[in-house]
Amino acid sequence: MKGSGRIEMAQRLQALPPYLFAELDRRKTALRAKGVDLIDLGVGDPDLPTPQRIVERMRSAILDPSSHRYPSYEGLREFRVAVSLWYERRFGVMLDPEDEVLALIGSKEGIAHIPLAFINPGAYSLVPSPGYPVYHAGTIFAGGQSFFLPLKEEQGFLPDLRQVPVEVADAAALLFINYPNNPTAAVADKDFFLEVVEFARRHCLIVCHDAAYSEISFDGYTSPSFLEVDGAREVGIEFHSLSKTYNMTGWRLGFVVGNREILAGLGKAKTNIDSGVFQAIQWAGIEALEGDQSDVEEMRAVYQRRRDVMVRGLRAVGLEVNPPKATFYLWVTVPPSYGSVSFASRVLDEAGVVLTPGSGFGEAGEGYVRLALTVPEARLEEAAQRLQSISL
Ligand SMILES: *Cc1c(COP(=O)(O)O)cnc(C)c1O
């Protein structure tokens, strides 16, 4: 606003990638206004409700006046203990609740803030492309720059770390990885995590593994924790979210675990920005992690059925897609002669089905669209039928 008489945003906001879908959004709004019944497979926000046991725990916690005060920065001791016990049960990984667990206001909050603790001006984050946009945005806000690691189908959507120039790797402070992956729905095994540890050691960088979809998996597959592999705790941390596992996106509760010095850095940044998570929500989170997990099992079954319906539907119109082992996304190659955006707009206009163009997740997402299986099965059947009615 200096001198120009106009309100001007800071350079860090101007440095964010341009928003590519304004035109698509306009058309969506116009179609809705015309009364078109859109089927929205665009947003990764679970349609299923938070399990009743968790809502009930919140109800009792909110009546307790001790919940109403400022929470502790690092999270309730009871919440951190619940996280460490869950980690032990789920992954066989032991964590000290004292300093190897930190509560987050949703994992997005921690992911956005970690660069503030470790990125000096001009330093690199290594960021997957396509990828969750917050890795790059957080890096820019901290004054750093992203070096993008393309995730290619022929490599199972795992980054090829050998392709990172040595001078970039040496100048990088953070490496972001995310498995099961949004948007590609790919999974990683422990051999890949071992490669990551080796790479991080060689170049002295911090690994941030985003495990938001660790509990959403199918056909008997279970996702490993990055912390299960030797040496991981020396180089990295792992972000988790209750959002996807327990249909709690609106509640804002996540956590991060792993290397205590890295967590101390993030904690220091956070104490200067936020004041922790509402305690009643943390008590609900304890119930989520410690109560009967059969609701999680049912949720997996729901997504698995939806996955199968949509994969069948896509194949019927000639779109080849491998049924993913995890996440509630399908990552689909657009037909030849289309780009991500042109395909999504065709499907929007002619079938009233909303997809996310892959290019919104980074340049390497061009040529794909993402479908979120966050609508009921019957609507997916309907979406598949509508796709068949247009010639692609
Ligand atoms: C949904 C999502 C998150 C963030 O979840 P929160 O609601 O902030 O806990 C983090 N990473 C990925 C890849 C996601 O898709």
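Everything numeric in this text was worked out from a predicted model, so none of it was measured.

Participant: Describe in detail the pairing of strand E3 (residues 124-129), supporting the description with residues and values.
Facilitator: Taken residue by residue, a regular strand's side chains alternate between the two faces of the sheet. Burial of E3 is extensive: 5 of the 6 residues sit out of reach of the surface. With 6 bridges joining them, E3 and strand E4 (residues 145-150) adopt parallel strand pairing. Paired with Tyr124 across the bridge in E4 is Gln145. Handedness of the β-α-β unit built from E3, helix H6 (residues 134-141) and E4 comes out right-handed. For E3 and strand E5 (residues 172-178), the ladder comprises 3 bridges, and the chain directions are parallel. Its bridge partner being in E5, Leu126 is matched across the sheet by Leu175.

Participant: Before we move on, can you summarise the site of the ligand with the specific residues and values?
Facilitator: Around the ligand sit 13 residues, and of these Asp210, Tyr213, Ser241, Ser243 and Lys244 come closest. The separation between an oxygen atom of the ligand and a polar side-chain atom of Asn182 is 2.9 Å. Across the complex, the protein chains shield 94% of the 380 Å² of accessible surface that the ligand would expose by itself. Counting only elements with at least two residues in the shell around the ligand, the list comes to helix H5 (107-118) and helix H10 (242-245). By residue class, the composition of the shell around the ligand is 3 nonpolar, 6 polar and 4 charged.

Participant: Please set out empty space enclosed by the protein residue by residue, giving values where relevant.
Facilitator: With the rule as written, the count across this model stands at 2 cavities of 30 Å³ or more. Computed from the structure, the largest cavity encloses a volume of approximately 60 Å³. Surrounding the largest cavity, Trp86, Ala211, Ala212, Ser214, Glu215, His240, Ser241, Leu242, Thr245, Tyr246, Phe255 and Leu289 form its lining. Of all the secondary structure elements, the ones that give two or more residues to the lining of the largest cavity are strand E7 (236-241) and H10. Of the residues in the lining of the largest cavity, the class split is 7 nonpolar, 4 polar and 1 charged. Of the volumes computed, that of the second largest cavity is approximately 30 Å³. Along the lines of polarity and charge, the residues of the lining of the second largest cavity split into 8 nonpolar, no polar and no charged.

Participant: So what's going on with the domain arrangement of the chain? Which residues, and what values?
Facilitator: Domain annotation of the chain identifies domain 1 (11-49 + 295-388) and domain 2 (52-290). Summarising the inter-unit geometry, the C-alpha centres of domain 1 and domain 2 are found 25 Å apart. Taken together, the 32 residues of domain 1 in the interface contact 31 residues of domain 2. A combined buried area of about 2,800 Å² lies between domain 1 and domain 2, and 61% of that area is made up of carbon and sulfur atoms. Between Arg300 and Glu215 there is a salt bridge whose closest N-O contact spans 3.9 Å.

Participant: Outline the nonpolar core, listing residues and values.
Facilitator: By size, the foremost hydrophobic cluster in this structure holds 94 residues, and its most contacted members are Tyr87 and Leu175. Of all the elements, helix H13 (residues 294-316) adds the most residues to this core, at 7 residues. Two domains each put at least three residues into this core: domain 1 (11-49 + 295-388) and domain 2 (52-290). Among residues more than four places away in sequence, those in contact with Tyr87 are Gly92, Val93, Leu95, Ser225, Leu227, Glu238, His240, Phe255 and Val257. Leu104, Tyr135, Cys208 and Phe239 belong to the second largest nonpolar core, which has 21 residues in total.

Participant: Describe in detail the layout of surface pockets, supporting the description with residues and values.
Facilitator: If you add up the space inside the second largest pocket, you get close to 360 Å³. Lining the second largest pocket are 18 residues, and of these Glu153, Phe157, Thr184, Asn322 and Trp331 lie nearest its centre. Take the lining of the second largest pocket: its biggest share by element is 3 residues, from strand E9 (residues 329-333). Of the residues contributing to the lining of the second largest pocket, the split by class is 11 nonpolar, 4 polar and 3 charged. Inspection of the lining of the second largest pocket shows a minimum of three residues originating in each of domain 1 (11-49 + 295-388) and domain 2 (52-290).

Participant: So, the packing of aromatic side chains: which residues are in play, and what are the values?
Facilitator: Each aromatic ring pair is described using two quantities: the centre-to-centre distance and the angle formed by the ring planes. Within this structure, the stated rule accounts for 20 aromatic pairs. With centroids separated by 6.2 Å and ring planes inclined at 80°, the aromatic side chains of Trp86 and Phe255 adopt a geometry described as edge-to-face. Of this pair, Trp86 sits in helix H4 (residues 77-91) while Phe255 sits in strand E8 (residues 254-258), and the two are 169 residues apart along the sequence. Both residues of the pair, Trp86 and Phe255, count as buried. With centroids separated by 6.1 Å and ring planes inclined at 75°, the aromatic side chains of Phe157 and Tyr368 adopt a geometry described as edge-to-face. Note that Phe157 is positioned in the loop between E4 and helix H7 (166-170) and Tyr368 in strand E12 (residues 368-372), a separation of 211 residues in sequence. What makes Tyr368 buried here is its relative accessible area of 12%. Through a chain of ring-to-ring contacts, three or more aromatic side chains come together here, namely Phe79, Trp86, Tyr87, Phe91 and Phe255. When the ring centre of Tyr221 is taken as reference, the NZ or CZ atom of Lys325 above it lies at 5.8 Å.

The rules behind these values
- Residues numbered from 1 in each chain as written.
- Predicted model: local features only at pLDDT ≥ 70, side-chain atom pairs only at ≥ 80, totals over all residues.
- Heavy atoms only, no water.
- Buried < 20%, exposed > 50% of the residue type's maximum accessible area, 1.4 Å probe, protein only.
- Helix = DSSP H or I, 4+ residues; strand = E, 2+ residues; numbered from the N terminus.
- Pairing = 2+ DSSP bridges.
- Right-handed = clockwise from strand over helix to strand, strands pointing away.
- Near = heavy atom within 4 Å.
- Polar contact = N/O pair within 3.5 Å; in protein donor to acceptor, adjacent residues only side chain to side chain.
- Areas by Shrake-Rupley, 256 points an atom, 1.4 Å probe, with all protein chains shown as cover.
- Nonpolar A, V, L, I, M, F, W, Y, C, P; charged D, E, K, R; others polar.
- 1 Å grid on protein atoms, 1.4 Å probe; cavity = no way out; pocket = protein on both sides within 12 Å on 5 of 7 lines; lining within 4 Å.
- Points joined across faces, edges and corners; volume = space filled by probe spheres on them.
- Domains from an automatic or database assignment.
- Contact = heavy atoms within 4.5 Å.
- Buried area = accessible area lost by both parts, 1.4 Å probe.
- Salt bridge = Lys/Arg side-chain N within 4 Å of Asp/Glu carboxyl O.
- Core = buried A, V, L, I, M, F, W, Y, C linked by side-chain atoms within 4.5 Å.
- Phe/Tyr/Trp six-rings, centres within 6.5 Å; stacked < 30°, edge-to-face > 60°.
- Lys NZ or Arg CZ within 6 Å of the ring centre and 35° of its normal.

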